[in-house]
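Topology and contacts: notes
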Amino acid sequence: MIDSQGRQPYPHPYAHPPHPQPQPQPQPPAVPEAIGDFRRWFSATVDGLVALFGGMAIAVRLIPALGGPEPFWGTILAGVFGLSFLHHVLGPWIFRTTIGKFLFAARVVRDADGGRPRFWQAVRRWAYGLTWLPMQPLLSLFGDDGDPYEDACGLRYVRAKDLRR
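A brief look at the structure comes next. Quick caveat, the model's predicted, so the values are computed rather than measured. (Residues numbered from 1 in each chain as written. Predicted model: local features only at pLDDT ≥ 70, side-chain atom pairs only at ≥ 80, totals over all residues. Heavy atoms only, no water.)

Moving on, we get to the pattern of salt bridges. One pass over the structure, following the stated rule, counts four salt bridges. Of the charged contacts in the structure, one is a salt bridge between Lys101 and Asp47, with a shortest N-O distance of 2.8 Å. With Lys101 in helix H3 (residues 99-103) and Asp47 in helix H1 (residues 37-65), this pair connects stretches of sequence that are 54 residues apart. Comparing Lys101 with Asp47 shows no difference in burial state: the two are buried. (Salt bridge = Lys/Arg side-chain N within 4 Å of Asp/Glu carboxyl O. Helix = DSSP H or I, 4+ residues; strand = E, 2+ residues; numbered from the N terminus. Buried < 20%, exposed > 50% of the residue type's maximum accessible area, 1.4 Å probe, protein only.)

Below is the structure:
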């Protein structure tokens, strides 16, 4: 049946269905470029200072409050490493950032797909960072140029604004 404007309101009952169009292949999500060296160094410095002074403050305040002896180096080291673990592992795992990276507008993402870091990736990254920094003076004694810190454990630091695109 054709209406007054010459259109057929219903499809023909015996018409062939249209040919299926090929579906576009899904593209992997683009992972933004890594942040620059200066932003990485400054954020790492802030993160290190947070772990160092925060851990010391926790040890100095917590031990006398519990009625224990005066803080000694073992307690201070436990406070520093404990806060470092919380700050560098749980921060990226839950919030995608640490205090230093937040101040410099950087986020931690998986290198493969740009997603949130997995817990064990963050733990490996933290342990790698603890071993990489102390090894730099030793490596410089053997003539190593001190190559820039490469992204390890499948994680990458990116600019926060690049994730919003």
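The discussion continues.
Before going further, it helps to examine unusual backbone geometry. One non-glycine residue, Arg96, lies in the positive phi region at around 70 degrees. Relative to the helices and strands, Arg96 resides in the loop between helix H2 (73-95) and H3. Despite not being glycine, Ala105 shows a phi value in the positive range, around 55 degrees. Looking at where Ala105 falls in the secondary structure, it is placed in the loop between H3 and strand E1 (106-110). Residue classification places Ala105 among the partly exposed residues on the basis of a relative accessible area of 35%.

Let us now look at the nonpolar core. Ile35, Ala106, Val108, Leu155 and Tyr157 form the largest nonpolar core, which has five residues in total. Contributions of two or more residues to this core are made by E1 and strand E2 (155-159). Beyond its immediate stretch of four places on either side in the chain, Leu155 contacts Val108, Val109, Arg110, Asp111, Pro117, Gln121, Ala122 and Arg125. (Core = buried A, V, L, I, M, F, W, Y, C linked by side-chain atoms within 4.5 Å. Contact = heavy atoms within 4.5 Å.)

Summarising the element assignment, Thr75 is placed in helix H2. Under the relative-accessibility criterion, Thr75 is labelled buried at 16%. Each residue touching Thr75, except ones within four places of it in the same chain, is listed here: Ala59 and Ile63.

Quick look at the packing of H2 against helix H4 (residues 119-141) now. At their nearest, the axes of H2 and H4 sit 9 Å apart, and the two run at 135 degrees to each other. What the angle tells us is that H2 and H4 run oblique. Classified by chirality, the crossing of H4 by H2 is right-handed. Every residue of H4 that contacts H2 at Phe81, Ser84, Phe85, His88, Val89, Leu90 and Trp93 is listed here: Phe119, Ala122, Val123, Trp126 and Leu130. Taken together, the residues that form the contact of H2 with H4 break down as 10 nonpolar, two polar and no charged. (Axes fitted to C-alpha atoms, helices over the stretch in contact; angles between N-to-C directions. Parallel < 35°, antiparallel > 145°, perpendicular 65-115°, else oblique. Left-handed = near helix turned anticlockwise from the far one by under 90°. Nonpolar A, V, L, I, M, F, W, Y, C, P; charged D, E, K, R; others polar.)

Our next topic: the packing of aromatic side chains. The tally for this structure, following the rule as stated, stands at five aromatic pairs. When the ring of Phe42 is compared with that of Phe104, the centres are 6.0 Å apart and the planes differ by 20 degrees; the resulting orientation is stacked. Here Phe42, found in helix H1, pairs with Phe104, found in the loop between H3 and E1; they are 62 residues apart in sequence, far enough to count as distant. Among the residues examined, Phe42 registers a relative accessible area of 47% and is labelled partly exposed. Taken together, the aromatic side chains of Trp93, Phe119 and Trp120 make up a single cluster linked through ring pairs. (Phe/Tyr/Trp six-rings, centres within 6.5 Å; stacked < 30°, edge-to-face > 60°.)

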